[in-house]
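Each chain is listed here by its residues.
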Amino acid sequence: MGLREPKGRNDHPRILDYHRSVSSWLYKHRPVAPYCASFVYYVYKSAGVKVTKVPNPARAREWFLVSSRTVMTQQTLRGNRRMMAMPQKGDVVGYYFQRGLNAISHIEILERVDLEEGYLYAIGANTSGSQAYNTVNRDGDGVYYVRRSIKSFYKIANVLSP
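Residues numbered from 1 in each chain as written. Predicted model: local features only at pLDDT ≥ 70, side-chain atom pairs only at ≥ 80, totals over all residues. Heavy atoms only, no water.

Observations regarding the overall build of the chain
- Across its full length, the chain holds 4 helices and 7 strands.
- Ordered by position from the N terminus, the helices and strands of the chain form the series β-α-α-α-β-α-β-β-β-β-β.
- Carbon and sulfur atoms make up 49% of the accessible area of the chain, which amounts to about 8,900 Å² in all. (Helix = DSSP H or I, 4+ residues; strand = E, 2+ residues; numbered from the N terminus. Areas by Shrake-Rupley, 256 points an atom, 1.4 Å probe, with all protein chains shown as cover.)

Brief notes about helix α3 (residues 36-46)
- For α3, the full list of buried residues reads C36, A37, S38, F39, V40, Y41 and Y44.
- One or two steps after α3, the chain reaches G48, where phi turns positive at roughly 80°. (Buried < 20%, exposed > 50% of the residue type's maximum accessible area, 1.4 Å probe, protein only.)

Comments concerning the packing of aromatic side chains
- If you walk through the whole model with that rule in mind, you get 6 aromatic pairs.
- Grouped by ring-pair contacts, the aromatic residues Y18, Y35, F39 and Y42 constitute a single cluster.
- Above the face of the Y121 ring, R112 is positioned so that its terminal group lies 3.9 Å from the ring centre.
- Stacked on the ring of Y119, the Lys or Arg R147 has its end atom at 4.0 Å from the ring centre. (Phe/Tyr/Trp six-rings, centres within 6.5 Å; stacked < 30°, edge-to-face > 60°. Lys NZ or Arg CZ within 6 Å of the ring centre and 35° of its normal.)

Digging into the confidence of the model for the chain
- Across the chain, the average pLDDT comes to 84, with 84% of residues at 70 or higher.
- Averaged over each element, pLDDT in the chain is lowest for helix α2 (residues 24-28) (73) and highest for strand β7 (residues 155-157) (96). (pLDDT = per-residue confidence, 0-100.)

Looking at the environment of K50
- In this structure, K50 sits in the loop between α3 and β2 (70-73).
- Sequence-wise, K50 and S161 are 111 residues apart; in three dimensions their C-alpha atoms are separated by 9.6 Å.

What about the pairing of strand β5 (residues 119-127)?
- Extensive coverage of β5 is indicated by the burial of 8 of its 9 residues.
- In this sheet, β5 lies alongside strand β4 (residues 103-114) in antiparallel orientation, the contact comprising 6 bridges. In the strand pairing of β5, E108 is matched with G124.
- Linkage of β4 to β5, two consecutive antiparallel strands, is achieved through a turn of 4 residues, within which G118 is found at a positive phi near 90°.
- In this sheet, strand β6 (residues 142-149) lies alongside β5 in antiparallel orientation, the contact comprising 8 bridges. What sits directly across from G124, in β6, is Y144. (Pairing = 2+ DSSP bridges.)

Dropping the structure here:
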């Protein structure tokens, strides 16, 4: 949403602002590290939201360590939907990549979930806008508002409430 990497190598100047919001070391680190989680932290910090219990906000998996913050998983999605708590705007969405990583390694900010339609809508950084509805790209070229299949996420968590 307004940021596109000129060469697709984490090379937009604003990406350094995202990393600077997390740490000065990350800001100076080269090559520039993936920035999806730093973007999420930057957005919350810019909005005056204090994120707690996230030891390293530059790592996507760190946002999902506190199990009591989990709002939805693929397992709860398969259960009784009438009894399920729905995620809220501003929750974080984690995506799990098995090939080589075996961990949550991409994060986005949730806008909404539409169970009837079968999609979730989110704002993601270091991702791709093309074909976002059927794939999650963790090495993309910018910040996009994306529509993703409800089957693509691993976990949704509420990091805004204590």
